[in-house]
Amino acid sequence: MNILLLNTHLKYITMIAIVVQTCCTGLSAQVPELTFMPHWLPQAQFAGYYVAEAKGYYKHEGLSVRIVHPTASSTQSPTLKLATGEVDMISLFLVSALSERARGVELVNIAQVSQHSGLLFVTKKNSQINSLEQLEGKKIGIWKSGFDEIPKALINSRNIKVNWTPILSSVNMFTLGGIDAMTVMWYNEYDQIINAGYNPDELTTFFFSDYDYDIPEDGLYCLNETIQKRPVDLRKFVNASMKGWEYAREHPEEAIDIVLGVMKKAHVATNYAHQKWMLTKVLQLMETEEPQQKGVLNKALFEKAQQALLIENRIQNPVRYSDFYKPVRVHK
Amino acid sequence: MIIMVPMFNKSLSSRIVFYVLSLCVVLFLISLMVFYASSKQQLEEMTYQYAEEVTQKTVLQTEQFLSPVVKLAEQAGWLCKQMLNQPDSITMLTLKMAANNPEIKGMAVAFEPSFYSQKGYYFSPYTYRQDDRLITMQLGSENYEYFYIDWYQIPMHTGSAYWSEPYYDTGGGDALMTTYSLPLYRGAAAEGKPFAIVKIDVALDWLTENVSSLKILETGYATVLSGNGIFVTHPNEALIMNQSIFSYASELNNAELREIGRSMQRKKSGFVSSTLKGVERMIYFTRLPSSDWTIAVIFPKSEIYLPLRSITLILVVVLLVGLALLSIIISRIVKQQLNPLGKFAAAVHIIAEGNFNVALPGIKTNDEMKGLHDAFESMQHKLDHYIRSLTETTSLKEKIESELRIAREIQMSMIPKTFPPFPSRKEIDQFAVLIPAREVGGDLYDYYINENKLYFIIGDVSGKGIPSSLLMAVTRSLFRSISQYLTDAAAIMSGLNSMLAQNNDSNMFVTLFLGILDLETGNMSYCNAGHNPPLITTDTTRFFPVIPNLPLGIMDGFEFKKQEMQLNDNTRFLLYTDGITEAENVQQQLYGDERLLQFVEGTTFESPQALIEALLEDVQLHVDGAEQSDDMTMLALLFKGVQQKYEKSIKLKNEIEQIALLQDFIEVTGEELGLESSLVMKLNLALEEAVSNVILYAYPRLPDKEIIVSVTLKTNDLIFTVTDTGVPFDPTLNENPDIHLPATERPVGGLGIFLIRQIMNEVTYSRIHDINVFTMKKRL
């Protein structure tokens, strides 16, 4: 066999190899990948995303979405993961996001999922605390992991001196009498207290929304650069996710089953009743007066949240609404 | 029982067996119910007790495991305080204690932040066991800020020891763990803020195994719940660590279960029941003394009674078998005992057919059956005897009855029964009946006519039956014979009385009414001997005025007084015996004289027969089916009136001139009888012909011979008789003349008899003792 021929052969082979490689690369490039990290362990709080994934809404949008979760004992916050580029998208409370932004993480809100505050203080009725003012000097449980800004802003706004007691996650400190009051989420810890044997009529509740602190919570965030690089993928993600939430609203039973499946996989202890409660309440918090308000960050509430953070000295410089909120979804 | 029902009506033995068994079943059911109820209660108590014991035993076992942990923690705490200045010794302490106590998984002493300045922010020596190796390390780090973990935070804030909620050991696989945390205080008392927490980790697998192995009844199980009500162990693994009793209650939508969970948190122990998943379950729970965990046993209430069910089933089976045996035995015994009854019945059937000497079943026992046997035997003998005598009596009775029948026939033949009895006597019409109450009676009636006098009687002999009937016959015979010789009513009565009174040993008597009616004059003489006065109807109806006198046969020589009366035309009598007036209905009311009088008064007396028949009907109406107690006799008599008589004769000589005398004779007769002149003319013509015949043919030319012509009126017939002593001559033999021939050609005399036949209704000729008797009858 002569060399020329061999060369010719090699040429062909090389050409084929290049073509194949290009094709493959081209194919894989057609399914862009997104990594999404909710800001807590899997639970019904994030049902919409699990449903969207389970029902194939992401795939249908031509996305390959990977949902990863933080661990209970992890100190690496989702924001950190976002900042390091480990994940593309995170969910975050509005105030947490504002704080992180102030710390220099260039994150932006691309959709405000929750529209209301799910925060409240809970006391035992037999503690005789019937008003916020009566919390004066009492031990109030507060998450150590963050999200303490609004509770503190609310208490401070009323010039009440309390003994804030950081707590990781359980309600045992409250149920066992280690603290007098506890900051809880309507859709989560409150039900945990109920499921630890306390009846609603044995508890006193102080909903933040009743004290002019109806600050919206869960929103979707990414880095500013991501929105510039992959606006289409993000829009697709938000659309599919909102579709997932709609499905969960219409099929709560199925949605809870999906959530439980995810939780089981992650070895997170839970039960049907609690997740049902959570889904119901989370969906309530998502409700808006106008349909077009869905996923929109209300500017006034944004300002209110920022104001609270400023007062609480959590941030020094306010961020502009338009710099912070960059919706990827096109609203009709 | 089902088998018994069809047999129920079959036989006595079946019935006895049925009743006995029914009673047995009822008794059994009652005792079964009592047994069931008391056993149920006992079982419940026993089960509850058992559940309690089992739980308490588990509690004890758990405590035996947990209390050393508490002791160990306290020991560690004390030691820790002794070596507080040597933090490294505390590290060694954790290692030593973990090494010396293999039952613990790990041990730590965690201090408040920056407790030892030289040890940094976190000082928390921790030794734990991994694959039989002991690893000592510092618990706290930036990644594990133990200050905020329950095992540290809760005892730190509450100031008291704390058993943590169970958790999965993330390091050592899926082992279920709990942690005992003891706060350490500087002083001896629990004052101020603790400075450190002693923490001992223990695995819960022993508890899981222990509790899982607990079995209560069939499907009962035990479970452990944490202070928050979380399932630590449960047969359904999905519940463990995932569900609290409260979330589970919420999932099942069972408010009751939630309340039970709350009771578990608040009470030391208790017994509750709840319907879980459609089954009523008993729950016994008790809280662990050292922690606020709860151990509960749960079992379906129905399972408490499972052993009872099997026992009951066995009992029922035993009883059914027992009942079956009992029924067989009882039925055998009863059948054996009652066997002779069937034979008795068969024997009685044969006896009923008349065979009294059938063999009875032999009875060896000396009981009621023997009594029955003896009674049957006695009955057999008595029946035999009775039937024999009955047969004799019956044949005797039949004989008597047949004789009585004959006697009745004889008696009835004594009294006249042909009606009308004297058809030729236009003066009277009469009818009578005699209805004896028995075969033979004591009533009588009789009548006959002698020398234009009607003798009639009606009477009643005292008593009834054969003696009366005999006396009746005697009385009747005496009446007939005596009245032949004596014509006076009183005399006849006296004669009868005298005859009957003599030799009247039986003191019987006869009431009698006797009447003698002179048919030519209408005069009636009568005599009553104590009899009911007859009824007389003329213009009115009334009782006959009678002198009662005395009944016959009572007093010999009694002077009977007779009475007389002149009867008008169409006088009616009704004679009767007291059988009529004393006829009783069922209410024992008599027919009575009054009703008799009224009835007869209201009846048109068409004929004696019609009256008697109507009266009998009325009497029957009154008695209305009541039995006749006395003979009933009636005799009705109608006196129409005395019959007129006309009889005349004339003697003529055998000369044709004598015809004129005959004409005068006929005309006088016609005048006397008031006949029409045309009839007289016709009679004249017929008699002229008849006499002419005698003159011409019987006495040819013998002028001294006599011809007698007589005329008699008998009722409505005018009878002419022409007699002569001439040669035999029968004018009736002459043929009817041919009246179409001219007179000269007709044979002599032939026309005469033709004429006579035309005028008269009946023409007869007879020759009696050389006399020609030619009779002509003309109906008026």
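The structure this text deals with has already been given above.
Residues numbered from 1 in each chain as written. Chains lettered and ligands numbered in written order. Predicted model: local features only at pLDDT ≥ 70, side-chain atom pairs only at ≥ 80, totals over all residues. Heavy atoms only, no water.

1. A few points about the overall build of chain B
Of the regular secondary structure elements, chain B holds 18 helices and 27 strands. When the 780 residues of chain B are sorted by exposure, 47% land in the buried category. Long-range contacts, defined here as pairs at least 24 residues apart, represent 61% of the contacts in chain B between residues at least 6 apart. For chain B, the accessible surface area stands at approximately 40,100 Å², while carbon and sulfur atoms represent 55% of it. (Helix = DSSP H or I, 4+ residues; strand = E, 2+ residues; numbered from the N terminus. Buried < 20%, exposed > 50% of the residue type's maximum accessible area, 1.4 Å probe, protein only. Contact = heavy atoms within 4.5 Å. Areas by Shrake-Rupley, 256 points an atom, 1.4 Å probe, with all protein chains shown as cover.)

2. As for helix α15 (residues 608–623) of chain B
Residues and elements named next belong to chain B. With 16 residues, α15 should cover 22 Å at 1.5 Å per step; its first-to-last C-alpha distance of 22 Å lies within 8% of that length. Every buried residue of α15 is accounted for by P608, L611, I612, L615, L616, D618, V619, H622 and V623. Within α15, the buried residues cover an arc of 165° as seen down the axis, which keeps them to one side. Projecting away from the buried face of α15 at angles above 90 degrees are the exposed residues E617 and L621. (Expected span 1.5 Å × (residues − 1). Arc of directions from axis to C-beta.)

3. Quick notes on the side chain of D88(A)
Residue and element names in this part refer to chain A. Mapped onto the fold, D88 is located in the loop between α4 (78–83) and β3 (89–93). Using a relative accessible area of 18% as the deciding quantity, one classes D88 as buried. At a separation of 2.8 Å, a polar atom in the side chain of D88 contacts the main-chain amide nitrogen of T35. Apart from residues lying up to four places away in sequence, D88 is in contact with E33, L34, T35, L82, Y221, C222 and R230. (Polar contact = N/O pair within 3.5 Å; in protein donor to acceptor, adjacent residues only side chain to side chain.)

4. Regarding the pattern of salt bridges
Overall, the coordinates contain 33 salt bridges over all chains when judged by the stated rule. A salt bridge links D88(B) to K119(B), with the nearest nitrogen and oxygen atoms 2.7 Å apart. With D88(B) in helix α3 (residues 87–100) and K119(B) in the loop between β1 (106–111) and β2 (125–130), this residue pair connects regions lying 31 residues apart in the sequence. Residue K119(B) is classed as partly exposed on the basis of its relative accessible area, which comes to 29%. The network of salt bridges with common partners includes E202(A), E259(B), R262(B) and R266(B). (Salt bridge = Lys/Arg side-chain N within 4 Å of Asp/Glu carboxyl O.)

5. A few points about the sheet that holds strand β11 (residues 279–287) of chain B
Residues and elements named next belong to chain B. Strands sit in the order β9-β8-β12-β11-β10 across an open sheet of five strands; the sheet is antiparallel. The open sheet has two edge strands, β9 (231–233) and β10 (269–276), and neither has a second partner. Strand-to-strand, the axes of this sheet are offset by a mean angle of 30°, without reference to chain direction. In terms of strand pairing, β10 meets β11 through eight bridges, oriented antiparallel. From the neighbouring strand, S273 faces β11, where its bridge partner is M282. The strands touched by helix α7 (residues 255–266) within the sheet are β8 (221–225), β10, β11 and β12 (294–300), with β10 carrying the most contacts at an inclination of about 165°. (Pairing = 2+ DSSP bridges. Axes fitted to C-alpha atoms, helices over the stretch in contact; angles between N-to-C directions.)

6. Some points on the interface of chain A and chain B
Tallying the contact residues gives 28 residues for chain A and 27 residues for chain B. With both chains or domains summed, chain A and chain B bury close to 2,200 Å², and 48% of this area falls on carbon and sulfur atoms. A salt bridge links E202(A) to R262(B), with the nearest nitrogen and oxygen atoms 2.4 Å apart. Our count for the chain A to chain B interface comes out at 16 residue pairs in polar contact (both at pLDDT 80 or more). Classifying every residue of the side of chain A that touches chain B by side-chain character gives twelve nonpolar, 13 polar and three charged. (Buried area = accessible area lost by both parts, 1.4 Å probe. Nonpolar A, V, L, I, M, F, W, Y, C, P; charged D, E, K, R; others polar.)

7. Here's the deal with the environment of Y272(A)
Tracing the backbone through its elements, the reader meets Y272(A) in helix α12 (residues 272–286). Distance from Y272(A) to D257(A), taken between C-alpha atoms, is 8.0 Å for residues 15 residues apart in sequence.

8. Let's talk about unusual backbone geometry
For the bond from F419(B) to P420(B), the omega torsion is -10°, close enough to zero to count as cis. Here P420(B) shows up in the loop between α10 (368–414) and β13 (428–435). A positive phi angle is found at N159(A), which is not glycine, with a value near 55°. With respect to the helices and strands, N159(A) occurs in the loop between α6 (149–157) and β7 (163–167).

9. Things to note about the sheet that holds strand β14 (residues 443–450) of chain B
Pairing between the strands of a sheet comes from backbone hydrogen bonds, and it takes one of two forms, parallel or antiparallel. Residues and elements named next belong to chain B. The strand order across the open sheet formed by five strands is β14-β15-β16-β17-β20, and the pairing between neighbours is antiparallel. Edge strands, defined here as strands with exactly one partner in the open sheet, are β14 and β20 (562–566). Neighbour-to-neighbour, the strand axes of this sheet turn through a mean angle of 15°, independent of strand direction. Direction of pairing for strand β15 (residues 453–461) relative to strand β16 (residues 510–518): antiparallel, over a ladder of nine bridges. In the strand pairing of β16, I458 is matched with F513. Strand contacts of helix α12 (residues 489–501): β15, β16, β17 (523–529) and β20, with the helix running at about 150° to β16, the strand carrying the most contacts.

10. With respect to the environment of T91(B)
Residue and element names in this part refer to chain B. Here T91 is to be found in helix α3. For T91, a relative accessible area of 18% puts it in the buried group. Among all residues touching T91, those that are not within four sequence positions of it are F123, P125, T127 and T136.

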